Amino acid sequence: MNASLAKPTLRPFLPQDAAVVAQIFRDAIEDLTGDDYDEAQRSAWMAGAADEASFAKRLAAQTTLLALRDGEPVGFVSLKGNDLLDMLYVRPEAAGEGVGTLLANAAETLARGRGAKILNVDASDTALPFFEKLGFKPQFRQSIALEGEWLANTKMAKALDAGSKSP
Ligand SMILES: CC(C)(COP(=O)(O)OP(=O)(O)OC[C@H]1O[C@@H](n2cnc3c(N)ncnc32)[C@H](O)[C@@H]1OP(=O)(O)O)[C@@H](O)C(=O)NCCC(=O)NCCS
C-alpha cells in the first residue's frame, strides 16, 4: 500500500452517481477478475449494470457508500439489510491502495451499528483472499446463474461478536 496516498473520503451514494458507479463495477470486473472468470462469465457479470437505472435502484435500496479521492469516486460498497455485504468494487487504477479495505470496514461498522452479529458476503474467487485478510471465513462454495453463465463464488462470514474488534 502506498503510504503517500491520501486516505479516501466516504459519502453516501446519490442518484447522480449511477453512471460512474456502473463504470467502476464494469471496469473492476473487466480488469481485475480475468484470472478467475473467463470472458463470457465476466460479460454476464458486467451485464448487471447494463441498465444503469435499475442498477442505481438496487444501490439506492441498500446502504451504499462511495470512496472518493480528490473528489473522484474510486470505489463503492453496499450493505443489504443488516448483515450482507452485497457489492464491493474498486476502480482498477486504485486497486491495492487500501480502498477496498476502507469500504469493507465501513460496511462492517454499519452492520455492527445495526446490531448484526455476523457479516456475510458472497465472495468472488478474486476477492476471497482479500476477505480472508479481513477475518471472513469461507462457509461453502456455490454457483450462481447469470445471463446463461455459471459463476462460482464462496459464501463467507465474519462474526461480529462483542469480543471482536471494530475496524
Ligand atoms: C476485491 C477488491 C474489492 C479489493 O480492493 P482493493 O482496494 O484492491 O483492496 P485493498 O487495497 O484494500 O487490499 C487489502 C489487502 O488485500 C489484498 N488483495 C486485494 N485484492 C487481492 C486479490 N485479488 N488477491 C489477493 N490479495 C488481494 C491486498 O494485496 C492487500 O493486502 P495487504 O494488506 O497485505 O497489502 C478489488 O480487487 C475489486 O474490486 N475486485 C473486483 C471485483 C470483486 O471481485 N469484488 C468483490 C465482489 S464479492
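Bear in mind that the values here come from a model prediction, so they are computed numbers and not experimental data. (Residues numbered from 1 in each chain as written. Predicted model: local features only at pLDDT ≥ 70, side-chain atom pairs only at ≥ 80, totals over all residues. Heavy atoms only, no water.)

Enquirer: In this structure, what is going on with the layout of surface pockets? I would like to understand it.
Expert: The method is simple in principle: a probe with the dimensions of a water molecule rolls over the atoms, and the space it marks as empty is what remains. Put simply, the largest pocket is a space of about 1000 Å³. Around the largest pocket, the lining comprises 43 residues; the ones closest to its centre are W45, L88, Y89, S124 and A127. At 7 residues, strand 4 (residues 84-90) tops the list of elements feeding residues into the lining of the largest pocket. Of the residues that constitute the lining of the largest pocket, the class distribution is 28 nonpolar, 9 polar and 6 charged. (1 Å grid on protein atoms, 1.4 Å probe; cavity = no way out; pocket = protein on both sides within 12 Å on 5 of 7 lines; lining within 4 Å. Points joined across faces, edges and corners; volume = space filled by probe spheres on them. Helix = DSSP H or I, 4+ residues; strand = E, 2+ residues; numbered from the N terminus. Nonpolar A, V, L, I, M, F, W, Y, C, P; charged D, E, K, R; others polar.)

Enquirer: Looking at this structure, how should I read the site of the ligand?
Expert: The ligand sits among 22 residues. The nearest are G96, G98, G100, T101 and S124. Measuring from an oxygen atom of the ligand, one finds a backbone N or O atom of G96 at 2.8 Å. The side chain of K133 places a nitrogen or oxygen atom 3.0 Å from an oxygen atom of the ligand. Compared with its free state, where it exposes 910 Å², the ligand has 75% of that area covered by protein. The cavity that encloses the ligand is the largest pocket. Every element with two or more residues in the shell around the ligand is listed here: helix 1 (18-32), strand 4, helix 4 (99-113), strand 5 (118-124) and helix 5 (128-133). Looking at the shell around the ligand, its residues break down into 12 nonpolar, 7 polar and 3 charged. (Near = heavy atom within 4 Å. Polar contact = N/O pair within 3.5 Å; in protein donor to acceptor, adjacent residues only side chain to side chain. Areas by Shrake-Rupley, 256 points an atom, 1.4 Å probe, with all protein chains shown as cover. Sits in = over half its atoms within 2 Å of the grid points.)

Enquirer: Looking at this model, I keep getting lost on helix 1. Mind explaining?
Expert: Every α-helix winds through 3.6 residues per turn, so residues three or four apart in the chain are directed the same way. Here helix 1 is 15 residues long and its end C-alpha atoms lie 21 Å apart, about the 21 Å a rise of 1.5 Å per residue gives. Those residues of helix 1 not exposed but buried are A18, V21, A22, I24, F25, R26, A28 and I29. Considering only its buried residues, helix 1 is in contact with helix 2 (39-46), helix 3 (52-60), strand 2 (63-69), strand 3 (72-80) and strand 4. (Expected span 1.5 Å × (residues − 1). Buried < 20%, exposed > 50% of the residue type's maximum accessible area, 1.4 Å probe, protein only. Contact = heavy atoms within 4.5 Å.)

Enquirer: Any chance you could explain the packing of helix 1 against helix 2 here in plain terms?
Expert: Two quantities define a packed helix pair, namely the angle between the axes and the distance from one axis to the other. Their axes nearest at 9 Å, the elements helix 1 and helix 2 cross at an angle of 170°. Considering their axes alone, helix 1 and helix 2 lie roughly antiparallel with respect to each other. For the crossing formed where helix 1 meets helix 2, the hand is right-handed. Residues F25, R26, I29 and E30 of helix 1 pack against R42, W45 and M46 of helix 2. Here the contact of helix 1 with helix 2 is built from residues that sort into 4 nonpolar, no polar and 3 charged. (Axes fitted to C-alpha atoms, helices over the stretch in contact; angles between N-to-C directions. Parallel < 35°, antiparallel > 145°, perpendicular 65-115°, else oblique. Left-handed = near helix turned anticlockwise from the far one by under 90°.)

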